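Tertiary structure, described
These are the residues of each chain, in order.
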Amino acid sequence: MKKFVKKILAVCVSAAIAMSMAAISAVAEEHYSIGTDTEEYFSFANSDSRIDSNGDFTFEIRWSVDSESFRFKSTKSTLTVSAHIEDYITHDKTYSEHLCRIYLESGFSRKSFDFYADGTEYTFSLADLKTDKDYSISISNIDSLDSRHRVVGSGNLTGITIN
């Protein structure tokens, strides 16, 4: 009789563990599927062509996002950017003094440029660039946002070649 009770108890414990693992897995999958609806991105226009780009880009971030690498054709360039806050469910747009930052990075070199998600087009002059170095852009949300909202924007970087 003791063996029978032990076997029943072992089956019950095993079933409880299996059901707990299934519940944990379901919660993890649910969380992941929510995350895939809110992915951040950075995209150069025509970047898949692997040829000279006109430098147009778009982005959507909650925290930060990085571009692919590129090179400058000249030692001077111009960076323009404009952004707004968007509800990713309703797509309602708002404009505010929500602080964002663009980093221009190459190796250990990093320059930063602040802008606001207020719909204004910001222009930054870039100088002392190296034509033989790889660069990338990182765009960061400096102020906090709730989970429904994103910084959505576009811009242009003159005189680049996508790597």
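Here is a short report on the structure shown in this document. As the structure is a prediction and not an experimental result, all values here were calculated from the model.

1. Here we look at the nonpolar core
The biggest cluster of nonpolar side chains holds 30 residues, and the ones touching the most others in it are Phe59, Phe70, Phe115, Ile137 and Ile139. Not counting chain neighbours up to four residues away, the residues in contact with Phe70 comprise Phe44, Leu104, Lys133, Asp134, Tyr135, Ser136, Ile137, Leu157, Ile160, Thr161, Ile162 and Asn163.

2. Some words on the pattern of salt bridges
When charged atoms on two side chains of opposite charge get close, those side chains can pair. Summed over the entire model, instances satisfying the criterion amount to four salt bridges. Between Arg71 and Asp134 there is a salt bridge, and its shortest N-O distance comes to 2.7 Å. One end of the pair, Arg71, is in strand 5 (residues 70-72); the other, Asp134, is in the loop between strand 10 (122-126) and strand 11 (136-141), and 63 residues separate them in sequence. By relative accessible area, which is 38% here, Asp134 ends up partly exposed. Linking Arg148 and Asp87 is a salt bridge whose minimum nitrogen-to-oxygen distance equals 2.8 Å. One end of the pair, Arg148, is in the loop between strand 11 and strand 12 (149-157); the other, Asp87, is in strand 6 (residues 77-87), and 61 residues separate them in sequence. Exposure remark for Arg148: the relative accessible area of 33% places this residue in the partly exposed category. For Asp87, a relative accessible area of 7% gives the class buried.

The rules behind the values
Per chain, the residues get numbers from 1 upward, laid out in the order the sequence is written. Only residues with pLDDT of at least 70 get local features here, since the model is predicted, and only at 80 or more are side-chain atom pairs given and counted; chain-wide, interface and lining totals rely on the full set of residues. Calculation of side-chain values draws on the structure's entire complement of heavy atoms; hydrogens and water are dropped beforehand. The nonpolar core is taken to be a set of buried Ala, Val, Leu, Ile, Met, Phe, Trp, Tyr and Cys residues, with the residues joined through side-chain atoms within 4.5 Å. Each residue is placed in one exposure class: buried if its accessible area under a 1.4 Å probe, protein chains only, is under 20% of its type's maximum, exposed if it is over 50%, and partly exposed if it falls in between. Residue contacts are defined here by distance: any two heavy atoms, one from each residue, within 4.5 Å place the two residues in contact. The salt bridge criterion pairs a side-chain nitrogen of Lys or Arg with a carboxyl oxygen of Asp or Glu, the two atoms within 4 Å. Only DSSP runs of H or I reaching four residues or more are called helices, and only runs of E reaching two or more are called strands; each is numbered from the N terminus.

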